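Structural characterization, general
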Amino acid sequence: MQLLVVGAGEMGRWFAAHCGAESVAFADRDPETAREAADTLERADAVALDTRRAFDVVCLAVPMSVTATAIETHADRATRAVVDVSGEMRDAVDTLESHAAGRERASFHPLFSASNAPGSVPMVTVEGGPTIDRIAAALESAGNDVFETTVATHDDAMETVQAKAHTAVLAYALAAGDVDQRFHTALSGPLSELVDGLTGNTPAVYAEIQDRFEGGEAVAEAAAKLAEADHDAFVELYEEAGE
């Protein structure tokens, strides 16, 4: 299987390494990034972003805000299948349906950074076949839990597990004081670890998640209710949270 990965960043490299491809070409708006990615794998090279070479599979591993455009631009390089790992299903699946006709098509979402792999990988199959099955099986063999879902189920889940979770952790980080580590409790200690795990990455990635998925405002509203609650109201909210 010959693979073209458009977007030679962290997740594009992860997909290339674990999808079962025999040879890989990386294309990126930064040619040096593509060359660096090619150096990480055997039987890999870098190609121009506007290459006209044909490949068995094209994988779009670009920011979710430009995934639809990338699919429109690069889908015709694929002879068998077009996939993406953008982390957003609605626009990706719509564009796969309309601009990759005659090919197998699927949207994968690795729910982790490459450094935390393996993990869960929900997928939406637009048009299945042996190539998509082979990719899913290879990802499974690498230790990932690949499971079929729907666009609505995936995007609804992302509002909680990404938009709301990120908002809650970052809000705690912004509000927390600088305290001696010896004061941390069984709750504040893990929260601080979550802050450390979330920050120090690429902020634009998290900004795109907040732009795409609702949820942050709901967390802010819930925090405001807790902050403004009197004793009895707080108890009610506490009990509601545990239900």
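As shown above, the structure is provided for reference.
Residues numbered from 1 in each chain as written. Predicted model: local features only at pLDDT ≥ 70, side-chain atom pairs only at ≥ 80, totals over all residues. Heavy atoms only, no water.

1. Describing the nonpolar core
Judged by nonpolar contacts, the single largest core of 30 residues is most densely connected at Leu 3, Phe 15, Phe 26, Val 83, Phe 108 and Ile 135. Setting aside chain neighbours within four positions, we find Phe 108 in contact with Val 83, Asp 84, Val 85, Ser 86, Gly 87, Met 89, Val 121, Pro 122, Met 123, Ile 135, Leu 139 and Val 146. Judged by nonpolar contacts, the second largest core, of 17 residues, contains Val 47, Ile 71, Ala 92 and Leu 96. (Core = buried A, V, L, I, M, F, W, Y, C linked by side-chain atoms within 4.5 Å. Buried < 20%, exposed > 50% of the residue type's maximum accessible area, 1.4 Å probe, protein only. Contact = heavy atoms within 4.5 Å.)

2. Topic: unusual backbone geometry
Excluding glycine, residues mostly have negative phi values, and the peptide bonds linking residues are mostly trans. In this structure, Pro 118 follows Ala 117 across a cis peptide bond, with omega equal to 0°. Relative to the helices and strands, Pro 118 resides in the loop between strand 6 (104-108) and strand 7 (120-127). For Arg 43, which is not glycine, the phi torsion reads 55° and is therefore positive. Positionally, Arg 43 belongs in the loop between helix 2 (31-38) and strand 3 (44-46). Residue classification places Arg 43 among the exposed positions, given a relative accessible area of 60%. (Helix = DSSP H or I, 4+ residues; strand = E, 2+ residues; numbered from the N terminus.)

3. Examining the sheet that holds strand 2 (residues 23-27)
In spatial order, the strands read 3-2-1-4-5-6-7-8; together these eight strands make up an open sheet with mixed pairing. Of all the strands in the sheet, the pair left with one neighbour each is strand 3 and strand 8 (145-148). Ignoring which end each strand starts from, the neighbouring axes of this sheet average 25° apart. Pairing of strand 1 (residues 2-6) with strand 4 (residues 55-60) involves four bridges; the strand directions are parallel. Looking across to strand 4, one finds that Val 5 is bridged to Cys 59. Relative to strand 4, helix 3 (residues 67-74) is tilted by about 165°, and along the sheet it contacts strand 1, strand 4 and strand 5 (78-84). Helix 5 (residues 130-141) contacts strand 4, strand 5, strand 6, strand 7 and strand 8 of the sheet and is inclined by roughly 30° relative to strand 6. (Pairing = 2+ DSSP bridges. Axes fitted to C-alpha atoms, helices over the stretch in contact; angles between N-to-C directions.)

4. Points about helix 1 (residues 10-18)
Inspection of helix 1 places Met 11, Gly 12, Trp 14, Phe 15 and Ala 16 among the buried residues, and these make up the whole buried set. Buried residues along helix 1 sit in contact with strand 1, strand 2, strand 4, strand 5, strand 7 and helix 5. Two residues or fewer past helix 1, Gly 20 is found with a positive phi of approximately 90°.

5. Section: the packing of aromatic side chains
Enumeration according to the criterion identifies two aromatic pairs in this entry. Considering the side-chain rings of Trp 14 and Phe 112, the 5.4 Å spacing of their centres and the 75° angle between planes classify their relative orientation as edge-to-face. Of this pair, Trp 14 sits in helix 1 while Phe 112 sits in the loop between strand 6 and strand 7, and the two are 98 residues apart along the sequence. Given the relative accessible area of 14%, Phe 112 is considered buried. Between Phe 15 and Phe 108 the ring centres are 6.3 Å apart and the planes differ by 50°, which places this aromatic pair in the tilted class. Note that Phe 15 is positioned in helix 1 and Phe 108 in strand 6, a separation of 93 residues in sequence. Neither Phe 15 nor Phe 108 differs from the other in exposure class; each is buried. (Phe/Tyr/Trp six-rings, centres within 6.5 Å; stacked < 30°, edge-to-face > 60°.)

6. Here's the deal with the pattern of salt bridges
Throughout the structure, instances matching the rule amount to 11 salt bridges. Two residues, Glu 88 and Arg 212, come together in a salt bridge whose shortest N-O distance is 3.0 Å. Of this pair, Glu 88 sits in the loop between strand 5 and helix 4 (90-99) while Arg 212 is found in helix 8 (residues 203-212), placing the two residues 124 residues apart along the sequence. Here Asp 91 makes a salt bridge to Arg 90, at a shortest N to O gap of 2.9 Å. Under the relative-accessibility criterion, Asp 91 is labelled partly exposed at 29%. Among the charged side chains, a salt-bridge network with shared partners connects Arg 52, Asp 76 and Arg 77. (Salt bridge = Lys/Arg side-chain N within 4 Å of Asp/Glu carboxyl O.)

Read these as geometric descriptors, not functional statements.
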